[in-house]
Amino acid sequence: MKYIFSVIMFSALSLGAIFVGCGANDSRRPNPKPDPFPNTVGSWWVYERIDSLTMVTDTLTVIVTDTLFTCERGVANLWRFLSPRQFMDGGLVRKANDTIVTCISGNGEQFILPFISNVGWRSQLNNSGDTSTVDSIVTASLTAGVFEGVAFISRNVRLGFEGGGGRNFTAIAPNVGIIKRTAINWGADGGGTIDTAVWDSWTLLDYTIVDTTAK
């Protein structure tokens, strides 16, 4: 795991030791709570990506580039997606109180904190009626590292009145964010018969989280 600190000082937590300076006892300071979904400007993630349309494995880089202020939805951070073989739309991520809203390539998803195993919620986005559930919280091992307290979240997607739909599977690690994501969408012919199905899968390879709380 890699961090970029806003000033040149490391916390006792990151070094595994306690330092005393300026007459203050750092051991008395409370440990910072893990950020369930980092969204700081300058943070980036590199994923191995596979999509069913091409079945080609390549990389996808996601960078938080800016903070936007909007009248209707408050403050959101802008995500840029960089893919070597195809154009991908950017996205917005907004965190407010206990709610995280992501919009990845036009696909809005809502997450409710805290993540608790077997607890779910119904999306309030555009009255979609989508439902999500935290299936489990476990330790996950990937190329990017070993991550503890990972929430595996499944989402049932209602796409349209003709019978289409989808399923999203997202693994979120504290202080890291999305470490794995699979989105499956299918269309239907209006009579309930599925006629198309596409999927897109991301697996984390590397990342850097900008820490703006270090002092």
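Counting from 1, residues in each chain are numbered in the order their sequence is written. Only residues with pLDDT of at least 70 are given local features in this predicted model, and only at 80 or more are side-chain atom pairs given and counted; all residues enter the totals for whole chains, interfaces and linings. To obtain the side-chain values, all non-hydrogen atoms of the structure were included, while hydrogens and water were left out.

Quick word on the overall build of the chain
Helix numbering and strand numbering both begin at the N terminus, where a helix is a DSSP run of H or I of at least 4 residues and a strand a DSSP run of E of at least 2. Along its length, the chain carries one helix and 15 strands. Burial here depends on accessible area, computed with a 1.4 Å probe over protein chains only, as a share of the maximum for the residue type. Under 20% is buried, over 50% is exposed, and the range in between is partly exposed. Within the span of the chain, comprising 215 residues, buried residues form 37% of the whole. A fraction of 41% describes how many contacts in the chain between residues 6 or more apart in sequence connect residues 24 or more apart. Where accessible areas are quoted, they stem from the Shrake-Rupley method and a 1.4 Å probe; at the residue level, only the protein chains shown are allowed to cover. With the model as given, the accessible surface of the chain reaches about 12,300 Å², and the carbon-plus-sulfur share is 57%. Note on contacts: a residue pair qualifies if any of its non-hydrogen atoms lie within 4.5 Å across the two residues.

Remarks on the packing of aromatic side chains
In this description, an aromatic ring pair is defined by two values, namely the gap between the centres and the angle between the planes. Each aromatic pair joins two rings of Phe, Tyr and Trp (for Trp, the six-membered one) with centres within 6.5 Å, and gets the label stacked for planes under 30 degrees apart, edge-to-face for over 60, and tilted for any other angle. Going through the model one piece at a time under the given rule, you end up with eight aromatic pairs. Aromatic side chains F111 and F115 sit 6.4 Å apart centroid to centroid with 85 degrees between the ring planes, which places their arrangement in the edge-to-face category. Each member of the pair, F111 as well as F115, carries the same accessibility label: buried. On the basis of an interplanar angle of 25 degrees and a centroid distance of 6.4 Å, the ring pair of F115 and W121 is categorised as stacked. No difference in accessibility class separates F115 from W121, as the two residues are buried. Put simply, the rings of F37, W45, W79, F111, F115 and W121 pair up and form one aromatic cluster. A positively charged side chain is recorded as over a ring if its NZ (Lys) or CZ (Arg) lies within 6 Å of the ring centre. The angle to the ring normal must also be within 35 degrees. Over the ring of W202 we find R181; its NZ or CZ atom is 5.1 Å from the centre of that ring.

A closer look at the pattern of salt bridges
One speaks of a salt bridge when a side-chain nitrogen belonging to Lys or Arg is within 4 Å of a carboxyl oxygen belonging to Asp or Glu. Counted under the stated rule, the structure contains five salt bridges. Measuring nitrogen to oxygen at the nearest pair gives 2.8 Å for the salt bridge that ties R49 to D200. In this pair, R49 is assigned in strand β4 (residues 44-51) and D200 in strand β15 (residues 194-211), connecting sequence segments 151 residues apart. Each member of the pair, R49 together with D200, is buried. When the shortest N-O distance is used, the salt bridge between E109 and R155 registers 3.7 Å. With E109 in strand β9 (residues 107-112) and R155 in strand β12 (residues 145-158), this pair connects stretches of sequence that are 46 residues apart. Note on accessibility: E109 and R155 belong to one class, buried. Several salt bridges converge on common partners, so that one network encompasses R49, D51 and D200.

Looking at the confidence of the model for the chain
Interpretation of this model should avoid reading the predicted coordinates in detail wherever pLDDT is low. Per-residue pLDDT for the chain has a mean of 78; in total, 70% of the residues score no lower than 70. Confidence scores per residue from the predictor, reported as pLDDT, run from 0 to 100. The spread of mean pLDDT over the elements of the chain runs between helix α1 (residues 12-15), the lowest at 29, and strand β11 (residues 131-142), the highest at 97. Low pLDDT (under 50) marks residues 1-29, which in the prediction has 32 contacts with non-local residues, meaning those over four places away or in another chain.

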